[in-house]
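# Breakdown of the fold
Residues per chain, in single letters:
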Amino acid sequence: MNAVSPRHFSIVSSVLDARTANLSTDCDRKHRAMSKVVTTQRDRLVTELGSLDIFLDADGGTRTMLSEGSQLRSYAPDELILREGERPRHLFGIVDGLVALGAHHHERETTLSLVERGRCLLLQAVVTDRVYLQSAKAITSATVLAIPAGKFRAAIARDPGLAMATMRAVASDHRDAIRDLKNIKLRSNAERLANWILENTRDDGRLELAINKKLLAERLGMTPESLSRCLRVLKPFGLVNHRDRLEVSDAALLRTFALPNALIDQGDGSRLERRATT
């Protein structure tokens, strides 16, 4: 066997040291890059949490804590976000898009409300850790922040600002539900449509429909056929019906038919739908 000179060992050792140093440098570089990505993602989650109404008064530490384990999820139109009857594993906050809350019974289904960005879905179920009484699906392309439900409940217990905001949101949802119930019980189909139009029409008398008329009919508690009849009923009162928009030529005349009532019509849900359609 040929003897290996000390000089050869020295050369080999130098090459190995150089390779080890390069590998160490590459690992450090990749680790820094990954840390930067993780930090950027966490910062974005904290920012998106702050865009949701109930987290506006939350402590900065609470947002950071909740960002750990949270995810941003994307949904296509008509894609289901959560299903009624399931126990909530996450609190879903809408970062972008429009979402419909609805329910079904045997072969029947209906839309109960529309929710837009900045709002959370079915907060009551998450707070009480009870099953969802409604389903939620995306109407437009939607981005939703999924926050672990257990972490959210723990955050409520320790953050007074978040607890107060959660109480206000739950109370507001309850008041909107009462307004909707009064609207259904005390008004005809045409009256409900007339008041919805008055609340959502812009100052120039135009109302661009961000939802189709089938969904609008469900939201107002009627069939699409009934909606078509109601649109014809309201024509003599200054309503002009186009395919994807409505126009009110005489708002004062339409009010004589609608008979608006501030104890029914001025809920947060109505203003929400107005923002969603303009």
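Residues numbered from 1 in each chain as written. Predicted model: local features only at pLDDT ≥ 70, side-chain atom pairs only at ≥ 80, totals over all residues. Heavy atoms only, no water.

A few words now on the overall build of the protein chain. The secondary structure content of the protein chain amounts to 11 helices and 11 strands. Counting over 278 residues, the protein chain shows a buried share of 41%. Of the contacts formed within the protein chain by residues at least 6 apart in sequence, a portion of 74% connects residues at least 24 apart. A total accessible area of about 16200 Å² is found for the protein chain, and carbon and sulfur atoms account for 54% of it. (Helix = DSSP H or I, 4+ residues; strand = E, 2+ residues; numbered from the N terminus. Buried < 20%, exposed > 50% of the residue type's maximum accessible area, 1.4 Å probe, protein only. Contact = heavy atoms within 4.5 Å. Areas by Shrake-Rupley, 256 points an atom, 1.4 Å probe, with all protein chains shown as cover.)

The next thing to look at is the confidence of the model for the protein chain. On average, residues of the protein chain score 86 in pLDDT, and 81% of them reach the 70 mark or higher. In this model residues 30-38 is a low-confidence stretch, pLDDT under 50, and it forms zero contacts with partners more than four residues away in sequence or in other chains. Every residue in residues 268-278 is under pLDDT 50, and counting partners more than four places away or in other chains gives 30 contacts. (pLDDT = per-residue confidence, 0-100.)

Moving on, we get to the sheet that holds strand β4 (residues 98-105). Across the sheet, four strands lie side by side as β2-β7-β4-β5; this open sheet has antiparallel pairing. Only two strands of the sheet have a single neighbouring strand rather than two, namely β2 (80-82) and β5 (108-116). Strand-to-strand twist of the sheet, defined as the mean angle between neighbouring strand axes without regard to direction, takes the value 35°. Where β4 lies against β5, eight bridges are found, and the strand directions are antiparallel. By the bridge assignment, Leu98 is partnered in β5 with Glu116. (Pairing = 2+ DSSP bridges. Axes fitted to C-alpha atoms, helices over the stretch in contact; angles between N-to-C directions.)

Moving on, we get to the packing of aromatic side chains. The final tally for this structure, using the stated rule, is two aromatic pairs. A centroid spacing of 6.1 Å and a plane angle of 75° characterise the contact between Phe55 and Phe152, whose relative ring orientation is edge-to-face. Taken together, the positions of Phe55 in the loop between α1 (6-51) and α2 (60-67) and Phe152 in helix α4 (residues 149-158) put the pair 97 residues apart, joining distant regions of the chain. Measuring from centroid to centroid gives 4.9 Å for Phe237 and Phe257, while their planes differ by 45°, and the two rings are tilted. Separated by 20 residues along the polypeptide, Phe237 in the loop between α8 (224-233) and β10 (239-241) and Phe257 in helix α9 (residues 251-258) bring together distant segments of the chain. Under the relative-accessibility criterion, Phe237 is labelled partly exposed at 24%. (Phe/Tyr/Trp six-rings, centres within 6.5 Å; stacked < 30°, edge-to-face > 60°.)

Another aspect to go through is the pattern of salt bridges. Applying the stated criterion across every chain yields a total of 14 salt bridges. In this structure, Asp129 and Arg87 form a salt bridge, with 3.8 Å as the shortest nitrogen-oxygen distance. Of the two residues, Asp129 is situated in the loop between α3 (123-128) and β7 (135-138) and Arg87 in the loop between β2 and β3 (90-96); the sequence distance between them amounts to 42 residues. Arg117 is the salt-bridge partner of Asp96, the closest N and O atoms lying 3.9 Å from each other. You can see Asp96 sitting in strand β3 and its partner Arg117 sitting in the loop between β5 and β6 (120-121), a full 21 residues away along the chain. For Asp96, a relative accessible area of 39% puts it in the partly exposed group. Several salt bridges converge on common partners, so that one network encompasses Arg206, Glu208, Arg245 and Glu247. (Salt bridge = Lys/Arg side-chain N within 4 Å of Asp/Glu carboxyl O.)

Of all seven residues in β3, six are buried, a share of seventy percent or more. In this sheet, strand β8 (residues 142-148) lies alongside β3 in antiparallel orientation, the contact comprising six bridges. For Leu91, the partnering residue across the bridge sits in β8 and is Ile147. Of the pairings in the sheet, the one linking β3 to β6 comprises two bridges and is antiparallel in character. Of the residues in β6, the one forming a bridge with Phe92 is Leu121.

Turning to helix α6 (residues 189-200), a few remarks are in order. Here α6 is 12 residues long and its end C-alpha atoms lie 17 Å apart, about the 16 Å a rise of 1.5 Å per residue gives. In terms of burial, α6 is largely enclosed, as 10 of its 12 residues are buried. Buried residues of α6: Ala190, Arg192, Leu193, Ala194, Asn195, Trp196, Ile197, Leu198, Glu199 and Asn200, and no others. (Expected span 1.5 Å × (residues − 1).)

Looking now at the nonpolar core. Judged by nonpolar contacts, the single largest core of 27 residues is most densely connected at Leu193 and Ile197. Looking at this core, the elements with two or more residues in it are β4, α6, α7 (213-219), α8, β11 (245-248) and α9. Tallying contributions element by element places α6 first for this core, with six residues. Discounting residues that sit within four places of it in the chain, Ile197 has contacts with Leu207, Leu234, Leu239, Leu246, Val248 and Leu254. Val95, Leu123, Leu162 and Ala165 belong to the second largest nonpolar core, which has 23 residues in total. (Core = buried A, V, L, I, M, F, W, Y, C linked by side-chain atoms within 4.5 Å.)

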